[in-house]
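Chain and residue survey
Each chain, letter by letter, is given below.
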Amino acid sequence: MTAPIRNENTALRIHLHAADDVVLPKSPRAVEMLNLLHDRHVPITPDLASALVLLEGEGAAIDLPIWGLAFERASESVGLFGRAGRSRVWAQLLAEFTQIIVEPVLRSAAADLAELRLLSPGNFPPQAGALADSRWPDYPSYCAALEGLVRLKLGACSAMGMRFWHGAAVQLHAVATSLAQRQRYARADYAAPLPLPFEPDHALIRSVFEIEPEFARKSELKRNFPKPNIRSNLERMGMRPKEGGISGILHSHRLEDLPDTLVSELAYPNELFLLRLLDEGYLIRNRPPLRKPARDLLVLALCEPAPPSRPATVLNAAWADASLRLRVLLNQTGLPASDLGFCDFHTAGPRAGAVSSALPPAAAYLSAFDIHGAQRLAQHMQSTMTPALFSLLPGQLDTTPKEEMLPPLQQGSAAILKAVSAARRDRIAADWPRLKGKFGGLPNTDQFRPAAMSDYTRAMSLHFAPDARTDEAGFDWSRFRSETARSLGLSRLARTHVAALHYPKDLKEGAVFYGYSGMNDRPTEFRLPPADVHNGIGQLVGALSVWIILRVMEVAHAG
């Protein structure tokens, strides 16, 4: 029995079927999901509901019938190719998966069919000719058509569009990362902060995942790029081969060095050994102390509070591209203990993220300016700066009283250092199930020590802000540079650098971005090329990314 519902605002025909006339799933959980989605006017079928609740089972999510294809498409769209959906966290994320994937796919399929069939509890009298204008005479035939269309939409990225799958991949990554972090903190006996919900920045996701940065004169850029500077790697720790371990043998008279005495020294008779202690001294193992500071370079990308705009999105896309290439360059330069962080401001608090420049040994063979296509997308997804970079909300609510809040610059740098500490704790917590059985107890308290500016030998502050230039007055770069260094405490470090990028009010042909750096008061100008918007933005993102990379590497090679 059916009853039609006419929607005058759309061409979508809606029909209600009596639930008593339909064979419902055997699983109570599947029936619950079926009723829940039909209440939201999402036309899931009994078979699709039964397949959906299997996500809470024991198998890998990517191997599920029908819905497992969604993980394949999401991972394919960001260059990971089948590496998503294999974690056990998805058994606890049925609601999130339904919201991100199931509802949009089913609504799109129903729109293609131009008809919506829903189940209603109970019974009601049939209406003559209710299905006269429908291509499907009954509910089972409609379900077969809908399920076939869902398989088509999950069978290739082009069916739903790459834009949908890019956004879905980032959102799935965000909810899985949040749950995995809470689970790891619980295993490591460390209190995890209560996160705010992830709200995707679709404009930035499109700018990063759909637009490939273009680099002018790439071969010349790679040839003229600063070469690794051995001095920058050895300057702070000296010409010693090891740190915190044994690097040689020394002659000592100090009693505190007795525990490091060589075994061969104990072979002497007691009388001779006593004489050596009093007169000649004895041989000990040389243990150089751990290097101080412990880290290499800190880059602080600070976005001044401003309304969202397309130029700001382009600048954030350039920073995202520069950060993944800088990780490779800093490794190859001999500065793997560096951190790249960004901070944007929101009414709920600062939104910050950070990534370490440490990479696997295979990264030594990468060419930073040849990262493109699927490899570039995969690098973005594997960065710990994702998903924070693509969120409109901060990771957690800032409950600091207004009277205790720091100035914006200091607040931003503190948020970045907090993000660096969180990324470090995540790495420790992820390895802790393996390390706990080997060492026992809790991690060393130094490993959970918050990151501080004094941990780094050099630092760079990079500011993104709306252009405040007028015809009457320009931007006082010299004053801004000195005030920023003093406000952030960078003047206490041996080598510091301040740079700034100012973006225009609107993104149109001829729009100008200004880059300020070093002692030069004359800015570098970046104009949107007179091309179509897509290619023009790709060239602009590439030019801004190269400028950021060069400024950071100047600091890395300073000295």
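Residues numbered from 1 in each chain as written. Predicted model: local features only at pLDDT ≥ 70, side-chain atom pairs only at ≥ 80, totals over all residues. Heavy atoms only, no water.

Some points on the overall build of the protein chain
For the record, the criterion: Helix numbering and strand numbering both begin at the N terminus, where a helix is a DSSP run of H or I of at least 4 residues and a strand a DSSP run of E of at least 2. Think of it in three bands: with a 1.4 Å probe and only protein chains considered, a residue is buried below 20% of the maximum accessible area for its type, exposed above 50%, and partly exposed in between. Residue contacts are counted whenever heavy atoms from the two residues lie within 4.5 Å of one another. Using a 1.4 Å probe, accessible areas were evaluated by the Shrake-Rupley method; residue-level cover was limited to the displayed protein chains.
Each helix and strand in the protein chain was counted, giving 16 helices and 12 strands. Each of the 559 residues in the protein chain was classed as buried or not, and the buried ones make up 49%. Counting contacts in the protein chain only where the partners sit at least 6 residues apart, residues at least 24 apart contribute 76% of the total. Accessible surface for the protein chain amounts to roughly 27600 Å². Of this, 55% is attributable to carbon and sulfur atoms.

A word on the environment of Ser323
Its location among the elements puts Ser323 in helix α12 (residues 310-333). Between the C-alpha atom of Ser323 and that of Gly341, which follows or precedes it by 18 residues, the distance is 8.8 Å. Excluding residues that lie within four positions of it along the chain, Ser323 makes contacts with Leu340 and Met385.

Thoughts on unusual backbone geometry
That bond from Thr386 to Pro387 is cis: its omega, 15°, falls within 30 degrees of zero. Structurally, Pro387 can be placed in the loop between α13 (373-382) and α14 (408-439). Phi at Ile66 is positive, roughly 65°, even though this residue is not glycine. A positive phi angle, near 50°, is found at Phe81, a position not held by glycine. With respect to the element layout, Phe81 can be found in the loop between α3 (68-77) and α4 (94-113). Classification of Phe81 by relative accessible area gives exposed; the value is 54%.

Some thoughts on the nonpolar core
As a rule of thumb, soluble globular proteins bury nonpolar side chains together. The test is simple: We call a set of buried Ala, Val, Leu, Ile, Met, Phe, Trp, Tyr and Cys residues a nonpolar core when their side-chain atoms join them within 4.5 Å.
Core analysis: the biggest nonpolar cluster contains 118 residues, and Trp67, Trp90, Phe97, Ile101, Trp165 and Trp319 have the highest contact counts within it. Considering each element in turn, this core owes the most residues, 13 residues, to α12. Excluding residues within four positions of it along the chain, Phe97 makes contact with Leu52, Leu55, Trp67, Ala70, Phe71, Val102 and Leu172. The next biggest cluster of nonpolar side chains, apart from the first, holds 15 residues, and it includes Ala415, Ile416, Leu417 and Met453.

With respect to a nonpolar patch on the surface
What counts, and what does not: Residues with no salt bridge and a relative accessible area higher than 30% make up the patches, which join like charges within 9 Å and nonpolar side chains (Val, Leu, Ile, Met, Phe, Trp, Tyr) within 5 Å. Salt bridges are defined by distance alone: a side-chain nitrogen of Lys or Arg within 4 Å of a carboxyl oxygen of Asp or Glu.
A surface patch of nonpolar side chains, about 280 Å² in accessible area, is lined by Tyr268, Leu272 and Leu275. With respect to the element layout, Leu272 can be found in helix α11 (residues 270-280). Residue class for Leu272 comes out partly exposed when judged on its relative accessible area of 43%.

Observations concerning the packing of aromatic side chains
Formally: Aromatic pairs are defined between Phe, Tyr and Trp rings, using the six-membered ring for Trp, whenever the two ring centres lie within 6.5 Å; interplanar angles under 30 degrees are classed as stacked, those over 60 as edge-to-face, and all others as tilted.
In this structure the tally under the stated criterion is 10 aromatic pairs. With centroids separated by 6.5 Å and ring planes inclined at 85°, the aromatic side chains of Trp67 and Phe97 adopt a geometry described as edge-to-face. Note that Trp67 is positioned in the loop between α2 (46-52) and α3 and Phe97 in helix α4, a separation of 30 residues in sequence. This pair shows no difference in class: Trp67 is buried, exactly as Phe97 is. Aromatic pair Phe164 and Trp165: ring centres 4.9 Å apart, planes at 75°, arrangement edge-to-face. Trp165 shares its class with Phe164; the two are buried. Three or more aromatic residues joined by ring pairs make a cluster, and in this case those are Trp67, Phe71, Trp90 and Phe97.

As for the side chain of Thr386
Along the chain, Thr386 falls in the loop between α13 and α14. For Thr386, a relative accessible area of 6% puts it in the buried group. With residues up to four places along the chain from it excluded, the contact list for Thr386 reads His173, His380 and Met381.

So, the pattern of salt bridges
Within this structure, the stated rule accounts for 18 salt bridges. Between Arg117 and Glu115 there is a salt bridge, with the nearest N and O atoms lying 2.5 Å from each other. Salt bridges sharing partners connect three or more residues here, namely Arg13, Glu115 and Arg117.

Everything listed is a geometric property; what it means functionally is a separate question.
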